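Residue-level listing of the chains:
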Amino acid sequence: MCGISGWLSNKTSSCYDNDNITEKMAQSLHHRGPDKKGIWKDISPSIALVHTRLAIVDLSNTGFQPMHSNCSRYVIAYNGEIYNTNELRSTLQKKGVSFRGHSDTEAILESCALHGIEATTKKLIGMFAFAVWDRKEQELWLARDRLGIKPLYWTLTPNGTLIFGSELKALRAHPECPTEIDRDAVAGFMRHNYISGPRTIYKNVHKLQSGQILRYSASLGAPIIQQFWNLEKAFTNGIAYPFEGSDDDAVDTLEELLKDTIGRSMIADVPLGAFLSGGIDSSTVAALMQAQRSEPVKTFSIGFETEAHNEAQYAAKVAKHLGSDHTEVYVNGQDALDVVPKLPDMFDEPFADSSQIPTYLLSSLTKKHVTVALSGDGGDELFAGYERYLTAQRIMNKSGNIPAPLRSILANSISALSPASWDAIANLLPTSKRPDNTGDRAHKLAAILKGEPDDIFRSLISHWDSPDNIVIGGNEPKGVIWDQSFASKIPDFITRMQYMDSATYLTDDILTKIDRASMFDALEARVPLLDHRIIEFAATLPQHMKVRNGQGKWILRQVLEKYVPQHLFDRPKMGFGVPLDRWLRGPLRDWAEDLLSQETFERHGLLHRAPVLQKWQQHISGQANYQYLLWDVLMLHAWANKHK
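Reference entry: report on the structure contained in this document. (Residues numbered from 1 in each chain as written. Predicted model: local features only at pLDDT ≥ 70, side-chain atom pairs only at ≥ 80, totals over all residues. Heavy atoms only, no water.)

**Section: the pairing of strand S7 (residues 139-144)**
On a regular strand, each side chain points to the face opposite its neighbour's, so the side chains alternate between the two faces of the sheet.
In step 1: Burial within S7 is extensive, with six of its six residues counted as buried.
In step 2: By the bridge criterion, four bridges tie S7 to strand S11 (residues 212-216) in an arrangement that is antiparallel. Bridge pairing in S11 places leucine 142 opposite leucine 214. (Buried < 20%, exposed > 50% of the residue type's maximum accessible area, 1.4 Å probe, protein only. Helix = DSSP H or I, 4+ residues; strand = E, 2+ residues; numbered from the N terminus. Pairing = 2+ DSSP bridges.)

**Side note on unusual backbone geometry**
In step 1: For the bond running from glutamine 65 to proline 66, omega is -5°, close enough to zero to count as cis.
In step 2: Following the sequence through the fold, proline 66 ends up in the loop between strand S3 (46-53) and strand S4 (67-68).
In step 3: In the segment running from glycine 197 into proline 198, the intervening peptide bond is cis, with an omega of 5°.
In step 4: Within the element layout of this structure, proline 198 appears in the loop between helix H6 (183-192) and strand S10 (205-207).
In step 5: The phi torsion at glutamine 138 lies on the positive side, around 60°, for a residue other than glycine.
In step 6: Inspection of the secondary structure puts glutamine 138 in the loop between strand S6 (126-134) and S7.
In step 7: Positive phi, close to 55°, is recorded for asparagine 549, a residue that is not glycine.
In step 8: Looking at the secondary structure, you find asparagine 549 in the loop between helix H23 (532-540) and helix H24 (554-561).
In step 9: Using a relative accessible area of 74% as the deciding quantity, one classes asparagine 549 as exposed.

**Concerning the pattern of salt bridges**
In step 1: Applying the stated criterion across every chain, the model contains 44 salt bridges.
In step 2: With a closest N to O distance of 3.4 Å, glutamate 180 and lysine 203 form a salt bridge. You can see glutamate 180 sitting in the loop between helix H5 (168-172) and H6 and its partner lysine 203 sitting in the loop between H6 and S10, a full 23 residues away along the chain.
In step 3: With a relative accessible area of 35%, lysine 203 lands in the partly exposed category.
In step 4: Of the charged contacts, one joins lysine 478 and glutamate 476 as a salt bridge, the two residues approaching to 3.8 Å between their closest N and O atoms.
In step 5: Accessibility expressed as a relative area gives 55% for lysine 478, which makes it exposed. (Salt bridge = Lys/Arg side-chain N within 4 Å of Asp/Glu carboxyl O.)

Now the structure itself:
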């Protein structure tokens with residue numbers, strides 16, 4: 001795992017202080033690759049590739065980057081891990097290609113030289129983001145893996161300089177990088193707690209999307225972007241050609257796929273382990289790792305003082321059953337609070353999934369023992385594990401039984417009272433019977449009663465329901481979750497929610513979180529459940545193989561039960577959170593009030609203060625719990641304090 005950055009410009013090299021820029025770019029990504037720094041430049045056109053290395057496979061200098069192909073035509077800077085390297089090498093060797101080392105970088109590069117860059121990208125199994133310079137055609141190619149596991153940002157400046165990097169901080173190190181705030185992106189952030197690609201916090205700076213290849217040269221004038229793999233097509237193909245075998249056939253097929261991808265993900269020349277929460281996804285990964293190892297697999301978990309957020313006891317029981325070499329550390333509130341000041345640098349643009357805190361703490365613990373850790377991320381999206389899927393289906397079923405005119409009357413009646421009025425009514429109830437966020441919940445119910453199934457899903461995943469009303473000068477981008485065409489392309493409601501989450505939340509929240517939190521301490525996190533072959537197989541499964549008896553992940557549960565007794569993992573989903581509501585009323589209150597001050601709002605000029613202040617006052621008084629909405633604002637202003 002590494003960091004990559006660089007640029008391609010029509011300008012001559014003398015127009016830049018090249019050494020200063022490349023050094024700044026490299027330094028900005030040192031945390032991603034502390035083992036070695038590599039810089040390669042050419043003069044006409046002005047091209048620079050920067051690489052910071054975290055050595056995982058082939059620790060010798062033969063794995064050093066930027067790397068040149070044997071024919072000298074191609075130069076690569078690459079971040080990721082390719083799990084079918086041995087097959088690629090074998091095919092290339094049969095065609096006469098010789099290798100200096102055994103890194104996956106060299107296999108990718110020599111395949112590009114023999115087969116071409118686009119053809120090579122389609123052959124890769126794994127996670128990757130890379131830049132390849134074609135010296136003959138004078139073209140720069142950028143590529144990002146099918147699910148966007150590895151990040152890649154780019155911008156084209158007005159005078160034709162293309163700048164790219166693994167993180168935004170690398171682009172900011174270049175003097176031509178635009179840094180004007182994209183207020184529309186801020187509006188999207190306030191709904192989702194992350195910025196959806198291809199946008200970033202900056203205007204005209206983009207995320208290369210999942211499964212895309214970008215090609216650019218001075219003669220092209222503008223980048224050409226192609227899709228080499230498409231998530232929508234994977235889902236629609238799965239619907240068109242569904243799995244037709246029995247339950248047992250499906251379980252056996254998934255088990256074999258999981259064994260293969262997890263086995264491939266265990267290849268490393270450095271110590272390797274796994275995150276273990278004791279839930280279904282991480283337990284499946286750990287179990288299939290241990291099944292393929294004679295020595296105990298290293299597993300890691302963290303525990304919390306608060307019972308509602310503590311999964312360590314469950315992880316310990318699974319680890320004991322598997323016989324893994326388990327390490328757990330209990331962290332206190334102060335340990336978690338100490339992470340908060342690091343978040344603006346860690347995530348580099350506004351990001352407000354509060355599980356970022358325990359994810360970093362777990363990564364930091366794990367890095368003390370290993371350099372690579374396997375994670376169970378992706379299981380909820382692929383196998384319908386989120387409770388909101390079942391909740392949305394239940395709501396749709398119940399509201400569908402109410403005649404449309406009556407639904408409209410009920411919705412208008414509920415909307416007639418403001419959220420604050422509903423909160424005031426709720427405060428008349430005893431504390432033990434008082435629901436949280438009554439006002440917001442009431443208005444979400446009204447929106448659901450008025451709307452269609454996809455409105456239910458949008459309501460359940462939204463933080464600020466009307467972000468245009470809070471962001472100054474911002475208009476929320478309408479992306480995948482607003483596209484009504486998917487109702488006909490993916491008719492099943494739960495499957496459609498899975499697709500929408502996979503296309504947005506998975507890449508822009510979950511995978512962003514695990515990448516930044518782990519790489520901040522130079523830990524490589526691998527996500528074997530997101531092998532594209534598993535995604536394509538899961539898309540073929542009928543819904544009853546995912547959801548059964550009121551529970552999601554039916555098929556994954558069947559696989560896990562072959563290795564771990566059901567009673568050790570069959571429990572309500574806890575999530576991976578922290579007691580944020582309590583912290584905002586206690587130890588984080590002074591920090592929060594500074595970020596919510598009138599001076600801070602005026603200095604940044606991004607949000608209207610009044611609606612935020614109203615929710616803050618209701619939260620600290622205990623009238624309501626607005627922890628997630630407030631965390632969005634706090635992370636936005638904390639980022640702006642650092643980078644705006």
